[in-house]
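# Remarks on the overall topology
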Amino acid sequence: MIPRYLVDVDLDGIPHIHTDVIVIGAGIAGLFTALRASETKKVLMITKKSLLDSNTRYSQGGIAAVISDEDSPEFHMQDTLIAGAGLCSPEAVDILVHEGPNGVHDLIRMGTQFDLENGELALTKEGAHSQRRILHAHGDATGAEIVRALSERTKQDPNIEIWDDHFVIDLITQDGECYGALVQKPSGQRVFVRGEATVLCSGGAGQLFRYTTNPDIATGDGIAIAHRAGAQIQDVEFIQFHPTALCYPGAPRFLISEAVRGEGAYLRNIKGERFMERYHPQLELAPRDVVARAIVDEMEACRSTFVYLDITHESEELIKHRFPTIYETCLNFGLDLTTDWIPVAPAAHYMMGGVRTDLYGETNVRRLFACGEVSSTGVHGANRLASNSLSEAIVFGRRIIERIQELPPLKSDRLIRSLSVTPRTEVSNQAVVEKRLKLQKVMLRYAGFKRTAKGLQKGYEELARQLSFFDSVMTKREEYEFANLLNVALLTTTAALTREESRGGHYREDFPERDDAQWKKHIVFKRGEARIEEWI
């Protein structure tokens, strides 16, 4: 049984801190939302590492928005709906494609320097996009440039207080309303931070899997603490595996941007054959789930652990100018992007689901909002369109602040004082790092790229054996992170076992076809309810 709170705390016995808006996490979602909120509110921004540590920082390809006269919101919407495999919210996508360009101009106003060509914003094309609408910075360092600009501005904002190296253990709620968060300081001291509104911007859950493009902080914390707080969790069976992560001895699973294929790179199996024509008319620019499955099929057919990404037919000047970060990283491992075929394989990259929100980023728990990868706004459906994630964060970040401005003052006179849950035992003898590695291996084997009922059931049973961990005394970040990973892993395997079809980022070998008649709906979890809610 997953408890309501991970720790027992008497709120009267710890320090209380009050602010207007609590922003949990950094990245583009946290930074942008904090900056917009600070225009009228006092903001406390809490990061478990630093402002520079987030998935955004590693985003290479860019941000999707309708900028060109040859493009249109209708084209962008059509591309997004097709990629989302029937599960996007048309209303949410309509908001994204129409409000995205204004969000881009906000980023520019805040200091982001996107690449230019002939004095105009440079645009490229990525998989499943019908038009060139991807803005980028420093070639392939878009996320790093956005984080640089926004973090510099955040540090200078007098209305934003930043807590680095702090961990949010749980949200404090009562009667369906969020009062703030229980936070652990670097010293180990715990404090209760009370806020008029709390915004989860804590990123994704790539660390569920052994191989991922995500940094080690992506442990699903926001989804887990929201679930324990009673928020609805939606679509977590849909995990996007990026088709092309570097797969080379001694190298991390470094992301090789989709934009490389957008600029003309080929995929070849180990025999040197291009193969995408056998899988999709858009070839290398097909939706990510299609490309990733094609790669895995070729790997299995050729009994290899990788395929090749080949852009050697393009000019050395274009490659070095457009992809300087990828070029330098590969070169560090003895691979020259201009002359070598680069070995790649799929790796866990993005969770399409998360904390279910309305069109203003608010959850079913009053005063609790979610933005960025931690959220499920309805934009991505079953499969995210490339470079839509950064757009989603700024569009819904703006809308969250609009809603927060309308909130009445928080009344805290009836708030409970004790978070006592269950008797706690000592921490188990097995090192948490071993537990985490075992969880990652279970998820990769049974709930990874290809799934079956038998495998998912076995995976769930192995995960469930770790439930006793929630009865232990937790005091360290790695313990909280493992608890959160276990929480999300159980939700993900349950949802994947329930959805008896294949759609987008969810592929069942025993149900290989998409089934709109039965499964054009969302699987939604909510704490305290034994059943899974299915929303059409």
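Figured I'd write up the structure that's included with this text. Worth saying up front: this structure is predicted, and the values here are computed from it rather than measured.

## Describing the pairing of strand β1 (residues 16-24)
In this structure, β1 lies alongside strand β11 (residues 190-200), joined through eight bridges in parallel fashion. Looking at the pairing, I17 lines up with V193 of β11. Bridge count between β1 and strand β2 (residues 43-46): four bridges; the pairing is parallel. Bridging across to β2, V21 finds its partner in V43.

## Remarks on the nonpolar core
Of all hydrophobic cores here, the largest spans 75 residues; its most connected members are L200, L208, V355 and L439. The element that contributes the greatest number of residues to this core is helix α13 (residues 477-498), accounting for eleven residues. Counting 37 residues, the second largest nonpolar core, distinct from the first, contains F32, L35, M45 and M110.

## Points about the pattern of salt bridges
What the rule picks out here adds up to 38 salt bridges. With a shortest N-O distance of 2.9 Å, R403 and E362 are connected by a salt bridge. Pair noted here: R403 is in helix α10 (residues 388-404) and E362 is in the loop between β17 (354-356) and β18 (368-370), with a separation of 41 residues, a long-range link. R499 is paired through a salt bridge with E501; the nearest N and O atoms lie 2.8 Å apart.

## Considering the sheet that holds strand β3 (residues 63-64)
Overall, antiparallel pairing links the three strands, which are arranged β3-β7-β6 in an open sheet. The two strands at the open ends of the sheet, each matched to only one other strand, are β3 and β6 (123-124). Summarising the sheet, β6 and strand β7 (residues 134-135) pair through two bridges and their orientation is antiparallel. Among the inter-strand pairings, L123 is bridged to a residue of β7, identified as L135.

## So, the environment of Q156
Locating Q156 in the fold gives a position in helix α4 (residues 142-156). When the C-alpha atoms of Q156 and P287 are compared, they prove to be 40 Å apart, with 131 residues separating the residues in sequence.

## Overview of the sheet that holds strand β15 (residues 307-310)
What the four strands build is an open sheet, ordered β13-β16-β15-β14; its pairing is antiparallel. Of all strands in the sheet, those with a lone pairing partner are β13 (239-246) and β14 (266-268), marking the two edges. With strand direction ignored, the average angle separating the axes of adjacent strands in the sheet is 45°. In the sheet, β15 pairs with strand β16 (residues 342-351) via three bridges, with the strands oriented antiparallel. Paired with L309 across the two strands is I342, which belongs to β16.

## Quick word on the state of the cysteines
Applying the stated criterion to the full structure yields zero disulfides. Residue C201 stays outside any disulfide, its sulfur separated by 5.0 Å from that of C371, the closest cysteine. We note that C247 lacks a disulfide partner, and the nearest cysteine sulfur, in C330, lies 12 Å from it. With a relative accessible area of 13%, C247 lands in the buried category.

Quick notes on the rules
Throughout this description, residue numbers start from 1 for each chain and increase along the sequence as written. Where local features are concerned, this predicted model is filtered to residues with pLDDT of at least 70; where side-chain atom pairs are given and counted, the filter is 80 or more; whole-chain, interface and lining totals use all residues. Note that the side-chain values use all heavy atoms of the structure and ignore hydrogens as well as water. One bridge is not enough; two strands pair if DSSP finds at least two bridges between them. Strands here mean DSSP runs of E at least two residues long; helices mean DSSP runs of H or I at least four residues long; both are numbered from the N terminus. Buried Ala, Val, Leu, Ile, Met, Phe, Trp, Tyr and Cys residues form a nonpolar core when they are joined through side-chain atoms within 4.5 Å. With a 1.4 Å probe rolled over the protein chains alone, any residue whose accessible area is under 20% of its type maximum counts as buried; one over 50% counts as exposed, and the rest are partly exposed. Whenever Lys or Arg places a side-chain nitrogen within 4 Å of a carboxyl oxygen from Asp or Glu, that contact is recorded as a salt bridge. All axes here are fitted lines through C-alpha atoms, helices being fitted over the stretch that makes contact, and every angle between N-to-C directions spans 0 to 180 degrees. In what follows, a disulfide is any cysteine sulfur pair within 2.5 Å.

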